[in-house]
Amino acid sequence: AQSVTQLDSHVSVSEGTPVLLRCNYSSSYSPSLFWYVQHPNKGLQLLLKYTSAATLVKGINGFEAEFKKSETSFHLTKPSAHMSDAAEYFCVVSMLTFGGGTRLMVKP
Amino acid sequence: GAVVSQHPSWVICKSGTSVKIECRSLDFQATTMFWYRQFPKQSLMLMATSNEGSKATYEQGVEKDKFLINHASLTLSTLTVTSAHPEDSSFYICSASQGALGEQYFGPGTRLTVT
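As the structure is a prediction and not an experimental result, all values here were calculated from the model. (Residues numbered from 1 in each chain as written. Chains lettered and ligands numbered in written order. Predicted model: local features only at pLDDT ≥ 70, side-chain atom pairs only at ≥ 80, totals over all residues. Heavy atoms only, no water.)

Chemist: Before we go on, may I ask you to explain the overall build of chain A in this structure?
Modeler: In terms of helices and strands, chain A carries zero helices and twelve strands. Its C-alpha atoms give chain A a radius of gyration of 13 Å, near enough to 13 Å, the size a compact globule of 108 residues would have. The C-alpha extent of chain A, read off along each of the three principal axes, is 40 × 25 × 20 Å. Within chain A, the fraction of its 108 residues that count as buried is 42%. Partitioning the contacts of chain A with sequence separation of at least 6, the portion at a separation of at least 24 is 55%. When the accessible surface of chain A is totalled, it reaches about 5,200 Å², and 53% of it is carbon and sulfur. Of note, chain A has its 9 positive side-chain charges centred 4 Å away from the centre of its 7 negative side-chain charges. (Helix = DSSP H or I, 4+ residues; strand = E, 2+ residues; numbered from the N terminus. Rg over C-alpha atoms; globule rule 2.2 N^0.38 Å. Buried < 20%, exposed > 50% of the residue type's maximum accessible area, 1.4 Å probe, protein only. Contact = heavy atoms within 4.5 Å. Areas by Shrake-Rupley, 256 points an atom, 1.4 Å probe, with all protein chains shown as cover. Lys, Arg positive; Asp, Glu negative; His and termini not counted. Charge placed at Lys NZ, Arg CZ, Asp CG, Glu CD.)

Next comes the structure, spelled out in structure tokens:
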């Protein structure tokens, strides 16, 4: 059985400050992990994925995530938020189990 | 990148009628397509997985007679909501992949409102 928990339903940051979106997972085997972003009225876009290679994964738009097996975490980070980053973010385990989502708000 | 389209993007129908939603992979052959449902401010819930030419596999709790899925070709899958009721109002999202374990490419979604 697999599950994924996004620890924050809403995150608010100021433009130019770091972003941290938290994700914890459980899986009975080594999972593949993904982060997707959903902008209003648009399809989900893949930000990055972990598939048992390097534990630090770099994605598009300056996002990266680190797989920590000991903590069963796969947190998403970005050094400096941009207004265009405001969206809903989903952590996904093995492509079919979605977290509850985190809405990122970016203040000017 | 791979593009998946959905049609219509939004639809309003009366209670008791049926609605068909199309999902197309525009520039690749999708052996597997997935249908999700998303309630307001909630996550995506997988409804069913369909492989081209075979019957869809439904997730627990999803009524297969109500949500008819057809995957007749490598570029088209359809979801028909039969005898729709207001509680079926939701955002329906499809995704397509080349194989069940391949990366999924998501469509933009279809918003269904049943009055």
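Chemist: Please clarify how unusual backbone geometry should be interpreted in this entry.
Modeler: What is expected of a backbone is that most residues other than glycine have negative phi and most peptide bonds are trans. Residue P8(B) is reached from H7(B) by a cis peptide bond, and omega for that bond is 0°. In this fold, P8(B) is placed in the loop between β1 (4–7) and β2 (10–13).

Chemist: Looking at this structure, I do not really get the interface of chain B and chain A. What am I missing?
Modeler: You'll often see interface size given as the accessible area lost when the parts meet. Every contact between the two is made by 14 residues of chain B and, on the other side, 14 residues of chain A. In total, chain B and chain A occlude about 1,100 Å² of area from one another, counting both sides; carbon and sulfur atoms represent 60% of this. Of all residues in chain B, the largest losses of buried area upon contact with chain A belong to S43(B), E103(B) and F106(B), amounting jointly to 40% of the total for that side. At the boundary of chain B with chain A, the tally comes to zero salt bridges. On the surface where chain B and chain A come into contact, there are three residue pairs in polar contact (both at pLDDT 80 or more). Among the elements of the structure, β4 (32–38), β5 (44–51) and β9 (90–97) of chain B are those that each provide at least two residues to the side of chain B that touches chain A. For the side of chain B that touches chain A, the leading source of residues is β4(B), giving three residues. (Buried area = accessible area lost by both parts, 1.4 Å probe. Salt bridge = Lys/Arg side-chain N within 4 Å of Asp/Glu carboxyl O. Polar contact = N/O pair within 3.5 Å; in protein donor to acceptor, adjacent residues only side chain to side chain.)

Chemist: Explain the nonpolar core here, please?
Modeler: For soluble globular proteins, nonpolar side chains are generally found buried alongside one another. One finds W35(A), L48(A), F74(A), L76(A) and Y89(A) to be the most contacted residues of the largest nonpolar core, which totals 26 residues. Top contributing element to this core by residue count: strand β10 (residues 87–93) of chain A, with four residues. Contacts of Y89(A), omitting those with residues within four sequence positions, involve Q6(A), L21(A), W35(A), Y36(A), V37(A), L47(A), F63(A), L76(A), G101(A), T102(A) and L104(A). Counting 24 residues, the second-largest nonpolar core is a separate cluster that includes W35(B), M47(B), A56(B) and L112(B). (Core = buried A, V, L, I, M, F, W, Y, C linked by side-chain atoms within 4.5 Å.)

Chemist: What am I meant to see in the pairing of β4(B) here?
Modeler: Both faces of the sheet carry side chains from a regular strand, because those side chains alternate between them. Residue and element names in this part refer to chain B. Of all seven residues that make up β4, seven are buried, and the element is covered over most of its length. Residues T32, F34, Y36 and Q38 point to one face of β4 and M33, W35 and R37 to the other, with burial holding for every one of them. Inspection of the sheet shows β4 paired to β5 by seven bridges, in the antiparallel sense. Bridge pairing in β5 links R37 to M45. In this antiparallel pair of consecutive strands, β4 and β5, the connection spans five residues, and K41 shows a positive phi of 60°. In terms of strand pairing, β4 meets β9 through seven bridges, oriented antiparallel. Bridge pairing in β9 places R37 opposite Y92. (Pairing = 2+ DSSP bridges.)

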